[in-house]
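Residues per chain are reported as follows:
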Amino acid sequence: MKIRSFTVLPTTPAKLKPLLEMANNLWFSWNWDARQLFAKLDYKAWRNADKNPLRTLCDVSQQKLEEAAQNKQYIAEVEAVYSSFKKYLAARTWYEELYGKRDQNKPLVAYFSSEYGLHESLPIYSGGLGILSGDHLKSASDLGIPLVAVGLLYRQGYFRQGLDVSGVQQEYYPENDWFSIPARQEKDIHGKPCILSLNIGEDEVFFQVWTVDVGRISLYLLDTNLPMNDPSNRDITKRLYDSDRDMRIRQEVLLGIGGVKALKALNITPAVFHINEGHSAFLILERLSQLIIDHHLSFEEAKEMVWATNVFTTHTPVPEGNERFHPGLIKKYLSSFATDLKLTWPEFLGLGRENPEDLDEEFCMTVLGLNFSSMANGVSKLHGSISRRMWGKLYPDIPEEEVPIGHITNGVHTKTWISKGMEGLFVRYLQTAYERERADHTLWKIIEEIPNAEIWYTHFERKKGLIKFVRERLALHRRKKGASVSEIGRAEEVLDPKILTIGFARRFAPYKRGDLLLRDLDRLMKIVNHPERPLQIILAGKAHPADTLGKSIIKKIYETCSRPEFSKRIVLLEDYDIDVARYLVQGVDVWLNTPRRPLEASGTSGMKAAMNGALNLSIMDGWWDEGFDGTNGWSIGNGEVYNDYTYQDEMESRLLYRILENEIIPLYYDRDDQNVPVAWMNMVKKSIQSCGEMFNAHNMLTNYLTKYYLKGDNLNNILTKNKFEEAKHLASWRNKLINSWNDIEIVRIETSSKDVVFAGEAVVVRAYIKLHHIHHHDIITEVYYGSIGFQNELKYPKRIRMEREGIDGDVSVFRAMISCNYGGRYGYYVRILPGHINLATEFIPKLIKWER
């Protein structure tokens, strides 16, 4: 039987119209006052709607809406918040003050990501990558960076989690109600939905484009759930991270290739494309194709253009975690691109292979991204180093420390994650505009002026709110499982706000070791149930549906929580999402992180906890490896890497217990006459300032801007002028260099020094080089020098550019001077790199020649 449907729109009174406008812009997700307006309409409706403003407006009765419209105080609050919203959108931004205003259709950056964690009302995220992408957009909006974003609109998103009575994870995939999602359909010139198509294999797949307003930023989401598609293609945008490889590659084709097509259809021409992880790297193929077909460039010319203006961010510190596809799947869905790009099939597959000659190697999205991005980065200092080592084979003969993969450490969006109480303290003690201070990162210095007691009791209030939230959530989930009335009632006995509280919440991947704290249950029992200085722990997180080991960790934690000796002290929360995360990071005292180094690329949850007054207790991995300074939290170990995981778990769990027993717990319970732990709060202040200042998303965005976006914009302007004249020249120049590179001869090296020189003297080095068909302006000749280590390697090497001193027949003479400021053994090499004023980086695979 077919159900005939119709839609009922809420009749919003005129005075409440601003609520509808604000509900359709995710600015509300980082504005507490805006969210409170919807909660005050009808708190029960607000909670039942999962804090979704649009859904709340639909669920509140017409009578309550009319009553609110007649409430003068409420209307005054609406007008005040709405005024702030309009001023925010209209204000001259930080970016505009420094760099001027851009054409709206020519944004600086197009940012592509497979997921976005903006608010729980838009469930198109799974975890850390999505939360980072969401924070990226929010900070871009605050700073006014001209950026558009592209993703997929998933009907079911990532799964909702439940735990059965034995603790086994259950996955649920409810359909998202797009009527109550803050997204609007893009329309064509006739006012009809903008429907586009692309070929995925032999199928023409149709998709529509939705727009989500994130403050000043537009996020474009692609959706294949259209009647003209067959069921299989409608399901491309059904679930986030589908485990079926055939479906996964179609999702990534849609995201990358469809995303670029969508921007073109919307007449949006970004200067720079930012590929956030490999899922969207197929955008490279569409960019190349459009340049070749629309602008009649050769493949080499198009590659020069794409390479110069792509940013690629990798988030994965192990080879196995990078997205790879069987060559058969690539051929099934992308064979037409080899023709468009005028490549043979082996050449096309080589674009995504570490060894293009290996016909059995799978096609790697990270390799594709790195091969076509002159700007690439890891997401922490340690991860940048790991990435350079992991992908060094793509850059033969380039020293590991110079492999062109940098790092920009992740950050978190302050206003999204900081509690209203903590934010209020900053506002009260700052002498200048709060918004401006957040933009230039100086707000964190004010923490020293805030009395310990004010921070302590502000945080204590959030902790009470967290425990109330946990109890309500436990009762709800017990009720759903059919628990008895007495068992539901016992949820009120769980946790105590006066007790030191540890939080642990993240994806339950085995390498994150969510059960490390449970390794010695007898010892843990004594710690949590200490008669004078007890401890309590709140855990939350999901395991991927295909991760059986991760699910077993959840089951182990659930069983531990169910034991009588732990039931009031250790809690596992179900269905971890942004709302749960917000309560946890704002309310716990200590944030625990226990990954196996170096498998945590960055991590951001500890940053959020730190700015809310929690102290980090973590393995020296990811962001904490650079964030820990010895005074702002605790490290578990000193960055050791183990081969024996059983031994590692034993050693690090013992160290974890010892830090808790001997350092953290005594410090927390050592109080003054106001019941404030003074030494603890001194550490909290250092944590808030150091972590907040370094690891906020505004800092991250300004780093992306100054390191990559502006550089890419400049190259885009240069290379596109006069119908891509400079791109064509650069491709020709590079081709000439490649063909003649092996002809370069370093004839001899001469030095003015003896075997021993004195500190303060200089050593003159001359290199005699036959360049043959290469002009001396087309190369950079350098002395690469440093002190010699125990293994006869150069330590902390430096570069000095050699100047062309003259010519002796067909030999060019280059000269440089090494200053010897310190004693010790030194060594040096002479090397040659490509040099061009418009080259994005001089470190190009196979274009480096060393003195042999």
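Rules and cut-offs
- Residues numbered from 1 in each chain as written.
- Predicted model: local features only at pLDDT ≥ 70, side-chain atom pairs only at ≥ 80, totals over all residues.
- Heavy atoms only, no water.
- Helix = DSSP H or I, 4+ residues; strand = E, 2+ residues; numbered from the N terminus.
- Rg over C-alpha atoms; globule rule 2.2 N^0.38 Å.
- Areas by Shrake-Rupley, 256 points an atom, 1.4 Å probe, with all protein chains shown as cover.
- Lys, Arg positive; Asp, Glu negative; His and termini not counted.
- Charge placed at Lys NZ, Arg CZ, Asp CG, Glu CD.
- Expected span 1.5 Å × (residues − 1).
- Bend = angle between axes of the 7 residues up to and from the residue.
- Polar contact = N/O pair within 3.5 Å; in protein donor to acceptor, adjacent residues only side chain to side chain.
- Contact = heavy atoms within 4.5 Å.
- Salt bridge = Lys/Arg side-chain N within 4 Å of Asp/Glu carboxyl O.
- Buried < 20%, exposed > 50% of the residue type's maximum accessible area, 1.4 Å probe, protein only.
- Axes fitted to C-alpha atoms, helices over the stretch in contact; angles between N-to-C directions.
- Left-handed = near helix turned anticlockwise from the far one by under 90°.
- Nonpolar A, V, L, I, M, F, W, Y, C, P; charged D, E, K, R; others polar.
- Core = buried A, V, L, I, M, F, W, Y, C linked by side-chain atoms within 4.5 Å.
- Phe/Tyr/Trp six-rings, centres within 6.5 Å; stacked < 30°, edge-to-face > 60°.
- Pairing = 2+ DSSP bridges.

Peer 1: Please give an account of the overall build of the protein chain that cites residues and values.
Peer 2: Within the protein chain, the regular secondary structure consists of 29 helices and 28 strands. In terms of overall size, the protein chain behaves like a compact globule, its C-alpha atoms giving a radius of gyration of 29 Å where 852 residues would be expected to give roughly 29 Å. With respect to the principal axes defined by its C-alpha atoms, the protein chain has extents near 95 × 70 × 55 Å. Within the structure as shown, the protein chain displays about 36,000 Å² of accessible surface, and the carbon and sulfur contribution to it stands at 49%. Across the protein chain, the 108 positively charged side chains and the 111 negatively charged ones have centroids separated by 3 Å.

Peer 1: Could you give an account of helix α29 (residues 697-740), with specific residues and numbers?
Peer 2: Taking 1.5 Å per residue, 44 residues should reach 64 Å; α29 reaches only 45 Å between its end C-alpha atoms and comes up short. Along α29, the largest kink reaches about 125 degrees and is centred on lysine 723. With a side-chain oxygen positioned 3.0 Å from the backbone nitrogen of histidine 698, the residue opening α29 is asparagine 696.

Peer 1: Any chance you could break down the environment of aspartate 188 for me, citing the residues and the numbers?
Peer 2: Looking at the element boundaries, aspartate 188 is found in the loop between β5 (184-185) and β6 (195-200). Taking the C-alpha atoms as reference points, aspartate 188 and lysine 464, separated by 276 residues in sequence, lie 51 Å from one another. In this view, aspartate 188 contacts Pro193 and Cys194; residues no more than four positions away in its chain are not counted.

Peer 1: Just give me the short version of the pattern of salt bridges, but keep the residues and values in it.
Peer 2: Once their charged atoms are close, side chains differing in charge can pair, the charge on each being opposite to the other. Counting across every chain of the model gives 56 salt bridges. Aspartate 42 is the partner of lysine 64 in a salt bridge, and the nearest nitrogen-oxygen pair spans 3.0 Å. Residue lysine 64 is located in helix α5 (residues 62-70), and its partner aspartate 42 is located in the loop between α2 (32-41) and α3 (43-48); the two are separated by 22 residues in the primary sequence. With a closest N to O distance of 3.4 Å, glutamate 423 and lysine 415 form a salt bridge. Take glutamate 423: its relative accessible area is 8%, and that puts it in the buried class. Each of the salt bridges in this network shares a partner with another, and the network as a whole consists of Glu402, Glu782, Arg799, Arg831 and Glu842.

Peer 1: Give a description of the packing of helix α12 (residues 299-308) against α29 that names residues and reports values.
Peer 2: Packed helix pairs are specified by the crossing angle of their axes together with the interaxial distance, meaning the distance between the axes. Here α12 crosses α29 at 145 degrees, and the two axes come no closer than 8 Å. Pair α12 / α29 crosses with right-handed handedness. Of α29, the residues touching α12 (which contributes Glu300, Glu301, Glu304, Met305, Trp307 and Ala308) are Gly712, Leu715, Asn716, Leu719, Thr720, Phe724, Ala727, Lys728, Leu730, Ala731 and Arg734. Of the residues contributing to the contact of α12 with α29, the split by class is 9 nonpolar, 3 polar and 5 charged.

Peer 1: Which residues make up the nonpolar core, and what are the values?
Peer 2: Counting residues in hydrophobic clusters, the biggest one holds 179 residues, and the most contacted among them are Leu19, Phe282, Leu334, Phe348 and Tyr709. Take this core: its biggest share by element is 14 residues, from α29. Val494, Trp634, Tyr669 and Trp680 belong to the second largest nonpolar core, which has 96 residues in total.

Peer 1: Give me the packing of aromatic side chains: which residues, what numbers.
Peer 2: Inspection of every chain in the model, using the stated rule, returns 31 aromatic pairs. Judged by centre distance (6.4 Å) and plane angle (45 degrees), the ring pair of tryptophan 27 and tyrosine 88 falls under tilted. A residue pair is termed long-range when its members are at least 10 positions apart, and tryptophan 27 in the loop between α1 (17-23) and α2 and tyrosine 88 in helix α6 (residues 72-90) qualify at 61 residues. Classification of tyrosine 88 by relative accessible area gives buried; the value is 10%. Measuring from centroid to centroid gives 5.2 Å for tryptophan 345 and phenylalanine 348, while their planes differ by 20 degrees, and the two rings are stacked. With tryptophan 345 and phenylalanine 348 both in helix α14 (residues 345-350), this residue pair falls 3 residues apart, about one helical turn.

Peer 1: A description of the sheet that holds strand β24 (residues 794-801) should follow, citing residues and the corresponding values.
Peer 2: Overall, antiparallel pairing links the 4 strands, which are arranged β24-β23-β27-β28 in an open sheet. Whereas interior strands pair on both sides, the edge strands pair on one side only; in this sheet they are β24 and β28 (849-850). As paired strands, strand β23 (residues 779-788) and β24 are joined by 6 bridges and run antiparallel to one another. Looking across to β24, one finds that glutamate 782 is bridged to arginine 801.

Peer 1: How would you sum up the sheet that holds strand β25 (residues 803-808)? Please name residues and give values.
Peer 2: Here we have 4 strands laid out as an open sheet, ordered β21-β22-β26-β25, and antiparallel in their pairing. Every other strand in the sheet has two partners, leaving β21 (745-751) and β25 as the edge strands with one partner each. Between one strand axis and the next, the sheet turns by 25 degrees as a mean value, whatever way the strands run. Across 5 bridges, the pairing between β25 and strand β26 (residues 811-819) is antiparallel. Bridging from a neighbouring strand, arginine 804 pairs with phenylalanine 814 of β26.

Peer 1: I'd love a proper account of the environment of arginine 507, names of residues and values included.
Peer 2: One can find arginine 507 in the loop between β15 (500-505) and α22 (521-528). The exposure class of arginine 507 is partly exposed, given its relative accessible area of 44%. Sequence spacing of arginine 507 and lysine 542 is 35 residues, and the spatial spacing of their C-alpha atoms is 5.1 Å. Once residues lying within four places of it in the same chain are set aside, the contact partners of arginine 507 are Lys512 and Lys542.

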